[in-house]
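Letter by letter, the chains look like this.
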Amino acid sequence: MIYKTSFRIFLVLNLGLSSAFAADYQSPPSIAFDKVFPDVAIKGEHYSVAPSVDTDGFLTRTVIKSEFGEFIALGPGMLEIRLNEIDALAKLKTFEASDEFQRGAKESAQQKMSSLKQIYDKPKEAVAGISEGVSRFFKRSYRATKTGVQTVNDVIHDKTPGSIEGAGANLPGSAQSQALPDSESKYKKAAKASGSTAVNILGFDDSRRKLAKRLGVDPYTTNPVLDEKLDEVTWSIFAGDFGIDLATSLIPGSIVITTSGLVTNWVWDTPPGDLRVKIEQTLLRLGVSQEDIDRLLRHRSYPLSYQAALTAAMEAMDTVERHEDIMPLALSVVTVDQARFVVNSLRMLQRYHETVQPLKEFGVQGTVFAATKNDTLVVAAPVDYVSWTEMLDRFSANDRFSSKPRELHIAGMMSETAADIVRQRGWVIHQDSNLF
């Protein structure tokens, strides 16, 4: 026993390794639903959830059953988003059954659909004509054409658009991430990635974003059921004898307030080509390389709304140095949930910068953090429930943090064991942080 203890001390002192001998690592528990989400009913008009939720050491995973299918909510704020999407699907279902919709939907959509059908039926010709078609629609948006062509090339050659190897692949949100269906052909994806020239010329994209805004949902949603339904209803409205403004006025506004903060009027009201231009110009001004910007704009784990939110957070902290250091982490995520983790980490740091004290410089050590002007290190973690795990052990004992004052702000809670050990290592912990 003495030998084992001495050997552990030797490893810690001489090899710089962290040690968990103060307490065994914990198996992430299942937690009562009402403890994690005290303000959300277990059963609603269109959904139900289990009375307990699983955790993975950092995030909760809630399975939501509804009349529209089964959905996964992973991480803080995501349950509210998914419930809002279910509410939107219910509203669209009621709208489709209304007399007004039925009358309008009788009009033929064949003429307006023909241009899009050509893209799907003749992908080679469509790919060849992308530059000409998109440039006509986005006269000042070279960015839209460039991103579209890059993404088409990625998709057709089975590449992973935008991604690189790096620490982002180890962030929370990997093992439990809900995979999106891959039912579309790669040529259909290529047509969509290019900006769907024919669709945009017809005004479909503007109509779809207006519909999403009325419902209070992300027009670039990662929910495949809602994504398809937005397309379907917009086409029906677009083909009918009433305009999108009249149609959306017949749909009740969203009654669930989401906490995502990822979608703003900027995303709802700005055409995607113009939004990409704004993202590019802003990141260039912040010192991010053109290569990294190109990768972000075609990264398959970042919907355009996430790209915009990441850029907006960085722009709000434009006086903080080393923005370019964030990009290797951001670009190396492999799931949408990890991308959202990066974005929300930055948004939490933004709130700290605006409401607590100014930040001076960004850094990356497994996740993004920042230093204040008095050299306090600030880590912001958009997590639900943190257990004492090997990953937390290594992170909290890292030499990079050990010599300076340090704060850990988490969106949710920590187990008593995890909190006790992390505090013993000199961290000031803020649970249920108002930064999220």
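Keep in mind that this is a model prediction, so the values were computed, not measured.

**So, the overall build of the protein chain**
Assigned secondary structure in the protein chain consists of 22 helices and twelve strands. Here the protein chain holds 436 residues, and 52% of them are scored as buried. Partitioning the contacts of the protein chain with sequence separation of at least 6, the portion at a separation of at least 24 is 70%.

**Some points on the pairing of strand β6 (residues 359–364)**
It is a general feature of regular strands that their side chains alternate between the two faces of the sheet. Where β6 lies against strand β7 (residues 368–372), five bridges are found, and the strand directions are antiparallel. Following the sheet pairing, Leu-359 is matched in β7 by Thr-372. Here β6 folds back onto β7, and the loop between the two strands holds three residues, one of which, Gly-366, carries a positive phi near 80°.

**With respect to the pattern of salt bridges**
This structure, assessed with the given rule, holds 17 salt bridges. Across the pair Lys-93 and Glu-67 runs a salt bridge, and its minimum N-O distance is 3.0 Å. Residue Lys-93 is located in helix α3 (residues 78–96), and its partner Glu-67 is located in the loop between β4 (60–66) and β5 (69–74); the two are separated by 26 residues in the primary sequence. A relative accessible area of 47% places Lys-93 in the partly exposed class. The closest approach of N and O atoms between Asp-206 and Arg-209, which form a salt bridge, is 2.2 Å. Taken together, the residues Asp-206 and Arg-209, both in helix α11 (residues 204–215) and three residues apart, mark about one turn of the helix. Note on Asp-206: relative accessible area 37%, which makes it partly exposed. We classify Arg-209 as buried; its relative accessible area is 4%. Through salt bridges that share partners, Glu-96, Lys-229 and Glu-232 make up one connected network.

**Some remarks on unusual backbone geometry**
If you check the backbone angles, Arg-322 has positive phi at about 70° while not being a glycine. In this fold, Arg-322 is placed in the loop between α17 (304–316) and α18 (326–331). Notably, Asp-432 is not glycine yet its phi reads approximately 50°, a positive angle. Along the chain, the position of Asp-432 falls in the segment after β12 (427–430).

**Overview of the packing of helix α15 (residues 272–285) against helix α16 (residues 290–297)**
In a pair of packed helices, the angle between the axes and the distance between the axes together describe the arrangement. Put simply, α15 and α16 touch, their axes get as near as 10 Å, and they point 150° apart. The angle between α15 and α16 falls in the class roughly antiparallel. In terms of crossing hand, the pair formed by α15 and α16 is right-handed. On α16, the residues that touch Arg-276, Ile-279, Glu-280, Leu-283 and Leu-284 of α15 are Gln-290, Ile-293, Leu-296 and Leu-297. Per-class residue counts for the contact of α15 with α16 are six nonpolar, one polar and two charged.

**Quick word on α17**
Taking 1.5 Å as the rise per residue, α17 with 13 residues should run 18 Å; its terminal C-alpha atoms sit 18 Å apart, in good agreement. The element α17 is largely enclosed, with a buried count of ten among its 13 residues. For α17, every residue scored as buried is listed here: Leu-304, Ser-305, Tyr-306, Gln-307, Ala-308, Ala-309, Leu-310, Thr-311, Ala-313 and Met-314. Where the residues of α17 are buried, they touch α14 (265–269), α15, α16, α18 and α19 (336–355).

**Points about the packing of aromatic side chains**
Under the defined criterion, the tally for this structure stands at six aromatic pairs. Ring centres of Phe-395 and Phe-401 lie 5.0 Å apart, and the angle between their planes is 50°; on these two criteria the pair is classed as tilted. A connected cluster of aromatic rings, assembled from ring pairs, spans Phe-369, Phe-395, Phe-401 and Trp-427.

**Here we look at the sheet that holds β6**
Taken in spatial order, the five strands line up as β6-β7-β8-β10-β12 in an open sheet, and their pairing is mixed. Edge strands, defined here as strands with exactly one partner in the open sheet, are β6 and β12. Each strand of the sheet is rotated relative to its neighbour by a mean of 25°, with strand direction disregarded. Inspection of the sheet shows strand β8 (residues 377–381) paired to strand β10 (residues 406–410) by five bridges, in the parallel sense. Bridge pairing in β10 places Val-379 opposite Leu-408.

**Quick look at the nonpolar core**
With 105 residues, the main nonpolar core has Tyr-302, Leu-346 and Met-414 as its most contacted residues. Ranked by the residues each element gives to this core, the list is headed by α3, at ten residues. Those residues within four positions of Met-414 in sequence are excluded, and the remaining contacts are Tyr-385, Val-386, Leu-392, Leu-408, Ala-419, Val-422, Ile-429 and Gln-431.

**Notes on the pairing of β12**
Residues of β12 alternate between two faces, with Trp-427 and Ile-429 buried on one and Val-428 and His-430 left unburied on the opposite face. With four bridges joining them, β10 and β12 adopt parallel strand pairing. Note that in β12 the partner of Glu-407 across the bridge is Val-428.

**Here's the deal with the environment of Val-368**
Tracing the chain through its elements places Val-368 in strand β7. Each C-alpha atom of the pair Val-368 and Val-378 lies 9.3 Å from the other, and the pair is ten residues apart in sequence.

**Side note on the confidence of the model for the protein chain**
Looking at the protein chain, the pLDDT average stands at 81 and 72% of residues meet or exceed 70. Low confidence marks residues 1–18, where pLDDT is under 50. Its contacts with residues over four positions away, or in another chain, come to nine contacts. Below pLDDT 50 for its whole length, residues 183–196 participates in 24 contacts with residues either more than four positions away or in separate chains.

**So, the environment of Leu-408**
Counting through the fold element by element, Leu-408 comes out in strand β10. Taking the C-alpha atoms as reference points, Leu-408 and Ser-396, twelve residues apart in sequence, are found 9.6 Å from one another. Apart from the residues lying within four places of it in its own chain, the contact partners of Leu-408 are Val-379, Met-414, Trp-427, Val-428, Ile-429 and His-430.

Each value, and the rule that gives it
Residues numbered from 1 in each chain as written. Predicted model: local features only at pLDDT ≥ 70, side-chain atom pairs only at ≥ 80, totals over all residues. Heavy atoms only, no water. Helix = DSSP H or I, 4+ residues; strand = E, 2+ residues; numbered from the N terminus. Buried < 20%, exposed > 50% of the residue type's maximum accessible area, 1.4 Å probe, protein only. Contact = heavy atoms within 4.5 Å. Pairing = 2+ DSSP bridges. Salt bridge = Lys/Arg side-chain N within 4 Å of Asp/Glu carboxyl O. Axes fitted to C-alpha atoms, helices over the stretch in contact; angles between N-to-C directions. Parallel < 35°, antiparallel > 145°, perpendicular 65-115°, else oblique. Left-handed = near helix turned anticlockwise from the far one by under 90°. Nonpolar A, V, L, I, M, F, W, Y, C, P; charged D, E, K, R; others polar. Expected span 1.5 Å × (residues − 1). Phe/Tyr/Trp six-rings, centres within 6.5 Å; stacked < 30°, edge-to-face > 60°. Core = buried A, V, L, I, M, F, W, Y, C linked by side-chain atoms within 4.5 Å. pLDDT = per-residue confidence, 0-100.

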